[in-house]
Amino acid sequence: MKITKYNVITDKIDKDLVVACVSDIHGRKAQKAIEAVRKISPDVVLLAGDILEISVDYMNERNETAIDFLKQMVDIAPSYYCFGNHEIFFSHAQAERSQVSDPDIEKRNIERVLDLGVHIVNNKSEKLGSLIIGGLVCGYDMIPAWQGQAFDLDFLNRFDSYDGFKILLCHYPHLYDELLKNTSFDLILSGHAHGGQWRFLGRGVYAPHQGLFPKYTSGIYDGRFIISRGASNNVAPIPRFFNPCEVLQINLKKKT
């Protein structure tokens, strides 16, 4: 598991802080990601979506693995989590009840996540010291009945107006140009693209919603928008090429 490090310098924090960011576990075995986060020894863990899987019976085993992963994250540092497209049934638990044999699966899993002490920041924000951490839920377009529904722009604009060092978790990197580029967020963290799956000459080959040779699959843009390649390979049986799984270490440096 690769640890990719970034430095962000700001005058909005009281002291230097270390942030670990994990995305795209997809309920798979995550021991290497856990070990990487422990090695980073962060002040806060940020979870940028697709940690759990869709709440249907055949995914129960994966979600048990994900619950164990979340438990270990909380043991390491305060953990903040915003849902991506694979948790869509969680954030809209009542909308697709007919697709789930046990409609209470979603509710129970949400309760389990909260009971672990994980902070769920779905279309809301919470303060942690000099940080304000919020999340924009992504994934409406993955279910035909929800296509065309807007993201929660009221929350986004409200959060954007706050003072302080603002961190936004937004699973979809392709929203950056459309919704996020002209905001005042100090740090924006995404996943979803899995690094482009295959990487050649420093570029990913394919990403959902972006197609071939996508723009946003990995790295840092505008000094504040960072995209994780994800901590598991969920595109079975397609392997990754020149694209190791990663956990992000973001060093927030107090400007002197």
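### Concerning the overall build of the chain
Thought 1: What the chain contains, in helices and strands, is 6 helices and 16 strands.
Thought 2: Split into buried and exposed, the 256 residues of the chain put 55% on the buried side.
Thought 3: Considering only intrachain contacts with a sequence separation of at least 6, the fraction spanning at least 24 residues in the chain is 69%.
Thought 4: Put simply, the chain shows about 11,300 Å² of open surface, and 51% of that area lies on carbon and sulfur atoms.

### Observations regarding the nonpolar core
Thought 1: In terms of nonpolar packing, the biggest core is built from 27 residues, with Val22, Ile25, Leu47, Phe69, Leu70, Tyr81 and Val113 touching the most fellow members.
Thought 2: Those residues within four positions of Leu70 in sequence are excluded, and the remaining contacts are Leu47, Ile51, Leu52, Tyr81, Val113, Leu116 and Val118.
Thought 3: Listed in part, the 24 residues of the second largest apolar core include Ile13, Leu131, Leu189 and Leu248.

### Some words on a nonpolar patch on the surface
Thought 1: A cluster of nonpolar residues, Trp198, Phe200, Leu201, Ile238, Phe241 and Phe242, forms a patch on the protein surface that exposes about 690 Å² of accessible area.
Thought 2: For Phe200, the location among the structural elements is in strand β10 (residues 199-200).

### Things to note about the sheet that holds strand β5 (residues 119-120)
Thought 1: Strands sit in the order β1-β16-β2-β3-β4-β5 across an open sheet of 6 strands; the sheet is mixed. Since the sheet does not close on itself, it has two edges, and those belong to β1 (2-10) and β5, each with one partner.
Thought 2: In this fold helix α1 (residues 31-40) packs onto β1, β2 (17-22), β3 (44-47) and β16 (246-254), with an angle of close to 15° to the strand it touches most, β16.
Thought 3: Along the sheet, helix α2 (residues 60-76) makes contact with β2, β3 and β4 (79-81), crossing β3 at roughly 150°.

### Focus on the environment of Met59
Thought 1: Here Met59 lies in the loop between β3 and α2.
Thought 2: Met59 gets classed as buried once you look at its relative accessible area, which sits at 11%.
Thought 3: Taking the C-alpha atoms as reference points, Met59 and His26, 33 residues apart in sequence, are found 9.9 Å from one another.
Thought 4: Once residues within four sequence positions are removed from consideration, Met59 is found in contact with Glu53 and Ile54.

### Digging into α2
Thought 1: For α2, which comprises 17 residues, the first-to-last C-alpha distance of 25 Å matches the rise-based estimate of 24 Å (1.5 Å per residue) to within 8%.
Thought 2: Listed in full, the buried residues belonging to α2 are Asn63, Thr65, Ala66, Ile67, Phe69, Leu70, Gln72 and Met73.

### Quick word on the packing of α1 against α2
Thought 1: Contact geometry for α1 and α2: axes closest at 10 Å, N-to-C directions at 5°. In terms of their interaxial angle, α1 and α2 are classed as roughly parallel. Residues Gln31, Ala33, Ile34, Val37 and Arg38 of α1 form the contact with α2, whose own contacting residues are Phe69, Gln72, Met73 and Ile76.
Thought 2: In terms of residue class, the contact of α1 with α2 is made up of 6 nonpolar, 2 polar and 1 charged.

### A word on the pattern of salt bridges
Thought 1: Counted according to the given criterion, the structure contains 3 salt bridges.
Thought 2: The salt bridge partner of Asp186 is Lys12, with a shortest N-O separation of 2.9 Å. Note that Asp186 is positioned in the loop between α6 (175-180) and β9 (187-190) and Lys12 in the loop between β1 and β2, a separation of 174 residues in sequence.
Thought 3: On the basis of relative accessible area, Lys12 is assigned to the partly exposed category, the value being 35%.

Quick notes on the rules
Residues numbered from 1 in each chain as written. Predicted model: local features only at pLDDT ≥ 70, side-chain atom pairs only at ≥ 80, totals over all residues. Heavy atoms only, no water. Helix = DSSP H or I, 4+ residues; strand = E, 2+ residues; numbered from the N terminus. Buried < 20%, exposed > 50% of the residue type's maximum accessible area, 1.4 Å probe, protein only. Contact = heavy atoms within 4.5 Å. Areas by Shrake-Rupley, 256 points an atom, 1.4 Å probe, with all protein chains shown as cover. Core = buried A, V, L, I, M, F, W, Y, C linked by side-chain atoms within 4.5 Å. Patch = residues over 30% accessible without salt bridge, like charges linked within 9 Å, V, L, I, M, F, W, Y side chains within 5 Å. Salt bridge = Lys/Arg side-chain N within 4 Å of Asp/Glu carboxyl O. Pairing = 2+ DSSP bridges. Axes fitted to C-alpha atoms, helices over the stretch in contact; angles between N-to-C directions. Expected span 1.5 Å × (residues − 1). Parallel < 35°, antiparallel > 145°, perpendicular 65-115°, else oblique. Nonpolar A, V, L, I, M, F, W, Y, C, P; charged D, E, K, R; others polar.

Everything listed is a geometric property; what it means functionally is a separate question.
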